[in-house]
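Here are the chains, one letter per residue:
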Amino acid sequence: MGRRGAGRTAREPLARQPVTLLRVLLLAFDTSTPAVTVALHDGTQVVASRTVVDARRHGELLAPGIARVLADAGSSASDLTGIAVGVGPGPFTGLRIGLMTARAMGDALTIPVSGVCTLDVIAAAVLSAQPFVVATDARRREVYWATYDAGGMRIDGPRVERPADVEWRGPAYGAGALMYPDAFADARRPEFPDAGVLATMVATGSAVVLPPDPLYLRRPDAVEPIPRRPVAAVTP
């Protein structure tokens, strides 16, 4: 008798199909503080970043900053797969510039836009063994602030108050803490958010993602006047 299975032909190996890797290129920026910070993340690491501190030139610095990091990475806007933007809290003008740019680019390129609380971005750069506060300058002698546990998870806030009303005695990070040492005796850096940290948070899924809407917490300094109602003449 012949061997069992004789006469069968060996199966030909299946031809390997080409594998297409989906490229990730996330643009991140924040303009809610005096720092105009921009970065690119390729899904693995930050590949380009740029930060300029100038509280009065957000509109002039953001677009060139975006162009610079794209050029440094050898990429163009059409390569982007997503945008991450700091949503504040922050002063009206600077915050609006970043959010309007993010929305416009997202619409034009048909890519998602993720918002992240700016205080969370600063907190993500902190290494702490105990709870801490992040505070940024809110002008009018006030600060935007939030409290975090030792792992960097926000547990209260964001809020806007006078520094003395925060009543915090532990470590405090951010420009608001550094500006008011009487209220924040243990003030530390980082002073401003870093777009590289923002990009990493969104790329790795560690961010609490919000809609790209501003966290103003209060009315803007410049408010349009309410139009006066016409006064009807009273006839005797």
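As a starting point, this report considers the structure included with it.

Conventions adopted
Residue positions are given per chain, counting from 1 as you read along its sequence in written order. Residue-level local features of this predicted model are given only where pLDDT is at least 70; pairs of side-chain atoms are given and counted only at 80 or more, and the full residue set underlies all totals for whole chains, interfaces and linings. To get the side-chain values, take all heavy atoms of the structure and skip hydrogens and water. Helix and strand assignments follow DSSP, with helices taken as H or I runs no shorter than four residues and strands as E runs no shorter than two, numbered in order from the N terminus. We treat two strands as partners when DSSP finds at least two bridges between them. Axis lines are fitted through C-alpha atoms, for helices just across the contact stretch, and the angle between N-to-C directions can take any value from 0 to 180 degrees. A contact between two residues is defined here by any heavy atoms of the two lying within 4.5 Å. Here a cavity denotes a set of grid points, spaced 1 Å apart and computed over the protein atoms alone, in which a 1.4 Å probe fits but from which it cannot get out, and a pocket denotes an open set meeting protein on both sides within 12 Å along at least five of seven lines; residues with an atom within 4 Å of a point are reported as lining. Grid points are joined across faces, edges and corners, and a volume is the space filled by probe spheres set on the points. Side-chain classes are defined by residue name, with Ala, Val, Leu, Ile, Met, Phe, Trp, Tyr, Cys and Pro counting as nonpolar, Asp, Glu, Lys and Arg as charged, and the others, Gly among them, as polar.

## Describing unusual backbone geometry
A negative phi angle characterises most non-glycine residues, just as the trans form characterises most peptide bonds.
In step 1: With omega at 10 degrees, the peptide bond leading from G88 into P89 counts as cis.
In step 2: Within the fold, P89 resides in the loop between β4 (82-86) and α2 (92-109).
In step 3: For R141, which is not glycine, the phi torsion reads 60 degrees and is therefore positive.
In step 4: Residue placement: R141 occurs in the loop between β6 (132-139) and β7 (142-148).

## A look at the sheet that holds strand β3 (residues 46-53)
In step 1: Taking strand neighbours across the sheet as the criterion, the five strands line up as β3-β2-β1-β4-β5 in an open arrangement whose pairing is mixed. Since the sheet does not close on itself, it has two edges, and those belong to β3 and β5 (113-116), each with one partner. In this sheet, neighbouring strand axes are inclined to one another by 15 degrees on average, regardless of whether the strands run parallel or antiparallel.
In step 2: Strand direction decides the pairing type here: strand β1 (residues 26-30) and strand β2 (residues 35-41), joined by five bridges, are antiparallel. Directly across from D30, in β2, lies its bridge partner T37.
In step 3: Sitting on the sheet, helix α1 (residues 58-72) touches β1, β2 and β3, and the angle it makes with β2 is about 25 degrees.
In step 4: The strands that α2 touches are β1, β4 and β5; relative to β4, the one it contacts most, it runs at about 165 degrees.

## Here we look at the layout of surface pockets
With a probe scaled to a water molecule rolled over the atoms, the places where space remains empty come into view.
In step 1: Approximately 270 Å³ is the volume found for the largest pocket.
In step 2: If you trace the largest pocket, you find 18 residues lining it, with P34, A55, H58, P91 and R139 closest to the centre.
In step 3: Counting only elements with at least two residues in the lining of the largest pocket, the list comes to α1, α2 and β6.
In step 4: Of the residues forming the lining of the largest pocket, the biggest block, four residues, is contributed by α2.
In step 5: The residue inventory of the lining of the largest pocket, partitioned by class, reads six nonpolar, eight polar and four charged.
In step 6: A volume near 230 Å³ is recorded for the second largest pocket.
In step 7: Contributing to the lining of the second largest pocket are 13 residues, with G152, M153, R154, M201 and S206 lying nearest its centre.
In step 8: Per-element tally for the lining of the second largest pocket: the top contributor is helix α3 (residues 118-124), with three residues.
In step 9: Residues belonging to the lining of the second largest pocket are distributed by class as follows: eight nonpolar, three polar and two charged.

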